[in-house]
Amino acid sequence: MNTSSYIEKIHSAISSASHPPPPDPALFKPTTVMALFLFSREPALLFIRKADREGYVWRNQMAFPGGHVDKTDASARQAAFRELYEETGIVSDNVQYIGSLGHFQTVKNRDIQAFTGVWNQKDDLVFDTEEISMVLEIPFETLWQTHRENGYAGHNPGVMELTYPYKDVVIWGVTAKIVHHLLEVVGDISG
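Below or above, wherever it landed, is the structure these notes cover. (Residues numbered from 1 in each chain as written. Predicted model: local features only at pLDDT ≥ 70, side-chain atom pairs only at ≥ 80, totals over all residues. Heavy atoms only, no water.)

**Side note on the nonpolar core**
Reasoning step 1: Counting 39 residues, the largest nonpolar core has Phe-47, Leu-143, Tyr-164, Ile-171 and Val-186 as the members making the most contacts within it.
Reasoning step 2: Among the elements that take part in this core, helix 4 (residues 173-186) stands out by supplying eight residues, more than any other.
Reasoning step 3: Excluding residues that lie within four positions of it along the chain, Phe-47 makes contacts with Met-62, Ala-63, Phe-64, Met-134, Val-135, Leu-136, Ile-138, Leu-143, Ile-171, Thr-175 and Val-179.
Reasoning step 4: Judged by nonpolar contacts, the second largest core, of 12 residues, contains Met-34, Ala-44, Leu-46 and Leu-84. (Core = buried A, V, L, I, M, F, W, Y, C linked by side-chain atoms within 4.5 Å. Buried < 20%, exposed > 50% of the residue type's maximum accessible area, 1.4 Å probe, protein only. Helix = DSSP H or I, 4+ residues; strand = E, 2+ residues; numbered from the N terminus. Contact = heavy atoms within 4.5 Å.)

Shown next, in the form of structure tokens:
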């Protein structure tokens, strides 16, 4: 399958799916993330690992690039693109926007609106090592295989049991919930 066929399949699946709705805004602080697909050798998703800093709330956690929605942001989507640039150096002009994956809440009263798109890889990745220790591409097929083998497909496991290990990192928590939803919506894109 060529890249444009993959993108068409992903776009169709996301635009036709139901996604988690927003919670009561009075109870949660709005945040955003951008789940980026890229196509080097095979479809992959771009993750960041937060810095290994003493006292850092998100120390060593795997995440999608993102952050808080500021009062100066016109929308959550704009905030996602702003945070993507601030955290990785990726500009919005180099991302083919696909859509929203819905809302996901954290135990720290954050409502994360997850967006997705396809990065054309024309940017040099730049990140602050005080905040991010690494940027990692994880093959979509590897995530899908873990999803199936662990019995997550077609089920909604609790956040404490939902993990996606890859090499020496583990995606867990709300990021794993977003990955789970994305995998459920998109499914197997290998064929």
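**Describing the packing of helix 1 (residues 3-16) against helix 4**
Reasoning step 1: The geometry of helix 1 relative to helix 4 is characterised by a closest axis approach of 8 Å and an angle of 105° between their N-to-C directions. Looking at the two axes, helix 1 sits roughly perpendicular to helix 4. Across the interface between the two elements, Ile-10, Ala-13 and Ile-14 from helix 1 touch Leu-182, Val-185 and Val-186 from helix 4.
Reasoning step 2: Of the residues assigned to the contact of helix 1 with helix 4, the class counts are six nonpolar, no polar and no charged. (Axes fitted to C-alpha atoms, helices over the stretch in contact; angles between N-to-C directions. Parallel < 35°, antiparallel > 145°, perpendicular 65-115°, else oblique. Nonpolar A, V, L, I, M, F, W, Y, C, P; charged D, E, K, R; others polar.)

**Re the environment of Thr-32**
Reasoning step 1: Topologically, Thr-32 is positioned in strand 1 (residues 29-39).
Reasoning step 2: Residues Thr-32 and Thr-116, 84 residues apart in the sequence, show an inter-C-alpha distance of 11 Å.
Reasoning step 3: Setting aside residues no more than four positions away along its own chain, Thr-32 makes contact with Pro-65, Gly-66, Gly-67, Val-69, Ala-76, Ala-79, Ala-80, Ile-112, Gln-113 and Phe-115.
Reasoning step 4: Within the structure, Thr-32 has its side chain in polar contact with the backbone nitrogen of Ala-80 (distance 3.2 Å). (Polar contact = N/O pair within 3.5 Å; in protein donor to acceptor, adjacent residues only side chain to side chain.)

**Structural notes on helix 4**
One turn of an α-helix holds 3.6 residues; hence residues three or four places apart share an orientation.
Reasoning step 1: Helix length check: helix 4, at 14 residues, gives a terminal C-alpha distance of 20 Å against a target of 20 Å (1.5 Å per residue), a fit within 8%.
Reasoning step 2: For helix 4, the buried fraction is high: 12 of the 14 residues fall into the buried class.
Reasoning step 3: Here helix 4 has its buried residues at Gly-173, Val-174, Thr-175, Ala-176, Ile-178, Val-179, His-180, His-181, Leu-182, Leu-183, Val-185 and Val-186.
Reasoning step 4: Backbone geometry just after helix 4 places Gly-187 at a positive phi near 75°. (Expected span 1.5 Å × (residues − 1).)

**Comments concerning the environment of Tyr-164**
Reasoning step 1: Within the secondary structure, Tyr-164 is located in strand 8 (residues 164-166).
Reasoning step 2: Distance in space between the C-alpha atoms of Tyr-164 and Leu-136 is 14 Å, their sequence separation being 28 residues.
Reasoning step 3: Once residues within four sequence positions are removed from consideration, Tyr-164 is found in contact with Leu-143, Thr-146, His-147, Tyr-152, Val-169, Val-170, Ile-171, Ala-176, Val-179, His-180 and Leu-183.
Reasoning step 4: Here His-147 takes part through its side chain, which lies 2.7 Å from a polar atom of the side chain of Tyr-164.

**Focus on the packing of aromatic side chains**
Reasoning step 1: In total, this model carries six aromatic pairs according to the counting rule given.
Reasoning step 2: For the ring pair Phe-81 and Tyr-97, a centre distance of 6.2 Å and an interplane angle of 55° mean the geometry is tilted. Here the residue Phe-81 occupies a position in helix 2 (residues 76-88), and Tyr-97 occupies one in strand 5 (residues 95-105), the gap between them amounting to 16 residues.
Reasoning step 3: Exposure remark for Phe-81: the relative accessible area of 12% places this residue in the buried category.
Reasoning step 4: Tyr-97 gets classed as partly exposed once you look at its relative accessible area, which sits at 25%.
Reasoning step 5: Seen in terms of ring centroids, Tyr-97 and Phe-115 are 6.2 Å apart; in terms of plane orientation they differ by 45°. Their pairing is tilted. (Phe/Tyr/Trp six-rings, centres within 6.5 Å; stacked < 30°, edge-to-face > 60°.)

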